[in-house]
Amino acid sequence: MTDLNKDIVFLDCTLRDGGYYNDWDFSHVLMQRYLDAVAAAGVNIVEMGFRFVKTGGFKGPCAFTTDNFLRSVVIPKNLDVAVMLNAGDLFLGKGVIETLEDLFTAPAAESPVDIVRFACHAREFRASLPAAAWLHERGYRVGFNIMQITGQTHEEIVALAAEAQKHPIEVLYFADSMGSMSPAQTTRIIGWIKEGWSGPVGVHTHDNMGLALSNTLAAIDAGATWVDSTVTGMGRGPGNARTEELALELAPARGGVVTELLDLVLQDFGPMKERYGWGTNPFYYLSGKHSIHPTYIQEMLADQRFNTSDMLSVLDHLRQAGGKKFDSSVLSNARTMGNGQHSAGTWKPEEIIAGRPVLILGNGRSVQKHQAEIERFVAKLKPVVLGLNAKDGINSDLIDMRIACHPMRLLADADLHALNDKPLITPVALLQDSVRDKLAEKPLLNYGLNAAPGQFEPHETDCIIPARLVAAYALAVAVAGRASHIYMAGFDGFTSADPRNHEMRDLLALCLAGDGIPPVTSITRTRYSILPTHSVYGLTR
Ligand SMILES: C[C@H](O)CC(=O)C(=O)O
């Protein structure tokens, strides 16, 4: 039975680990409600976010967690404030100390930050240690979280712990980054750490196998005195031990009041969880079981192009090839399978488009939001409307043709395409047999596709595009058809960290730079700044 009466330092890192879902862009109102609720529930330390070095792409305030930002929220008096640094950021070009000088311009006495924690791979540990003394001298408390601890042997863990002992580090954490540990392993690892380290031990768990809370409680039993959790488990991949559950466990011994926290769970984080989808599921379970980086699952779940069998085949591949480190090219390769195949076409887009405007209808939420106005736009300008894949978005009578080329998407949508009476533009020679069978009765417009990175060449009956991306294919069809103007709707873009953003941006750059390209205009809001935009509301006047 876990003894919860001992002094536990209860650290909530929702804004830091949860930020992987919303680009660390929490509203001030939510942050304030969160701070008040966790303070009342007995949390001692709030990790308000990362202090990232790189600033590319949009990320919200909890990615940089500057002193100025921290001064804009009211931190309840009983809470200490932590920020986390990726130890890897200490080695981006400047030296360790120079990087810290940029990030921590004020001593702790003049900063809202009390504690600086480092998220550190074992391989980065020794080189990062000078950071501890530098911060300590300036009054900051310092913690090190060793990530992916299960990859380390007994001897390696003892050696790391003994090294940490020589530096002014207040707490030495280990993180079950893959969510693959059992309570017995957790207990064992704490024993190993204690062989080399006599200070407080902390634990940070992930919930791939549904064991985050059990592992945290096992860690307390085994002598850990610092514990991390997040509200509703909001954290990378399946997320973490849940603060509300830990608070309920700890409250009798510590006297925290959880009412506000439970309201926050129901009213704020519950709906966010629905929207973003953290929490474990069989895919995360498998990733935990085989020590596969959770970002693979998070990315595939967020990408409609991956269906269940795609995800299982990617997991199977990573189980065999090793997947501890996230590598986005594994997923793009999976999505672009068959790219090497060449297909000649027979259909000429010019037969239908013949100099008319084209509207390419993407799948972004903006299509639904502005549906009525987009329909008015179609009625007024009479473009040829190409609907990407099988989703409608606007009145399906207004869509002239469907267009699809991605092998996994076609596999997933084949039944829907078969039911739909609009012709489907697709590279017929590349269709898998099962898809071809399902589309046997369907009017197919066979426009050939050859994928070659860095190329965008629309020809009369086929094209060369960088990958089997339907947006690229649709643009090629519109250009080959000699569209007078290409309009795009529903190309909203993805969150800044999403690799698909770069893919689309590169594609648009390539396409817009091509010869003989007609004007291209997005008529709905888009994150692709390269795309000239004119509001649909201005174009229907
Ligand atoms: C060290 C940190 O707690 C980072 C993290 O979330 C991980 O699991 O790794």
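Being a predicted model, the structure only gives us computed values, none of them experimental.

## Some thoughts on the site of the ligand
Residues in close proximity to the ligand include Arg 16, Asp 17, Met 84, Ala 119, Asn 145, Met 147, Ala 175, Ser 177, His 204 and His 206, which together make up its full environment. The separation between an oxygen atom of the ligand and a polar side-chain atom of Ser 177 is 2.7 Å. The contact in question runs from an oxygen atom of the ligand to an N or O atom on the side chain of His 206, over 2.9 Å. Its free accessible area being 270 Å², the ligand has 98% of it covered by the protein chains. For the shell around the ligand, the class distribution of residues is 4 nonpolar, 4 polar and 2 charged.

## A word on empty space enclosed by the protein
To find leftover empty space, one rolls a probe the size of a water molecule over the atoms. This structure, assessed with the given rule, holds 1 cavity of 30 Å³ or more. In this structure, the largest cavity occupies an estimated 50 Å³ of space. If you trace the largest cavity, you find it lined by Ile 146, Ile 149, Ile 157, Leu 160, Ala 161, Leu 172, Tyr 173, Phe 174 and Ile 193. Broken down by secondary-structure element, the contributors of at least two residues to the lining of the largest cavity are helix H8 (154–165) and strand S6 (171–175). When grouped by side-chain class, the residues that make up the lining of the largest cavity number 9 nonpolar, no polar and no charged.

## Some words on the sheet that holds strand S16 (residues 462–465)
On the basis of which strands lie adjacent, the open sheet formed by 3 strands has the order S14-S16-S15 and mixed pairing. Both outer strands of the open sheet, strand S14 (448–451) and strand S15 (457–458), are each paired with one neighbouring strand and no more. Of the pairings in the sheet, the one linking S15 to S16 comprises 2 bridges and is antiparallel in character. Paired with Pro 458 across the bridge in S16 is Cys 463. Contacting S14, S15 and S16, helix H21 (residues 470–480) runs over the sheet at an angle of about 135° to S16.

## Let's talk about the nonpolar core
By size, the foremost hydrophobic cluster in this structure holds 101 residues, and its most contacted members are Leu 100, Phe 104, Phe 118 and Phe 144. By residue number, the principal contributor to this core is helix H3 (residues 28–40), which donates 7 residues. Residues lining this core come from more than one domain, with at least three contributed by each of domain 1 (9–276) and domain 2 (282–336). Sequence-distant contacts of Leu 100, that is, excluding residues within four places in its chain, are made with Leu 85, Leu 90, Phe 118, Ala 131, Trp 134 and Leu 135. In this structure, Ile 360, Leu 445, Tyr 473 and Leu 475 belong to the second largest nonpolar core, which totals 44 residues.

Quick notes on the rules
Residues numbered from 1 in each chain as written. Predicted model: local features only at pLDDT ≥ 70, side-chain atom pairs only at ≥ 80, totals over all residues. Heavy atoms only, no water. Near = heavy atom within 4 Å. Polar contact = N/O pair within 3.5 Å; in protein donor to acceptor, adjacent residues only side chain to side chain. Areas by Shrake-Rupley, 256 points an atom, 1.4 Å probe, with all protein chains shown as cover. Nonpolar A, V, L, I, M, F, W, Y, C, P; charged D, E, K, R; others polar. 1 Å grid on protein atoms, 1.4 Å probe; cavity = no way out; pocket = protein on both sides within 12 Å on 5 of 7 lines; lining within 4 Å. Points joined across faces, edges and corners; volume = space filled by probe spheres on them. Helix = DSSP H or I, 4+ residues; strand = E, 2+ residues; numbered from the N terminus. Pairing = 2+ DSSP bridges. Contact = heavy atoms within 4.5 Å. Axes fitted to C-alpha atoms, helices over the stretch in contact; angles between N-to-C directions. Core = buried A, V, L, I, M, F, W, Y, C linked by side-chain atoms within 4.5 Å. Buried < 20%, exposed > 50% of the residue type's maximum accessible area, 1.4 Å probe, protein only. Domains from an automatic or database assignment.

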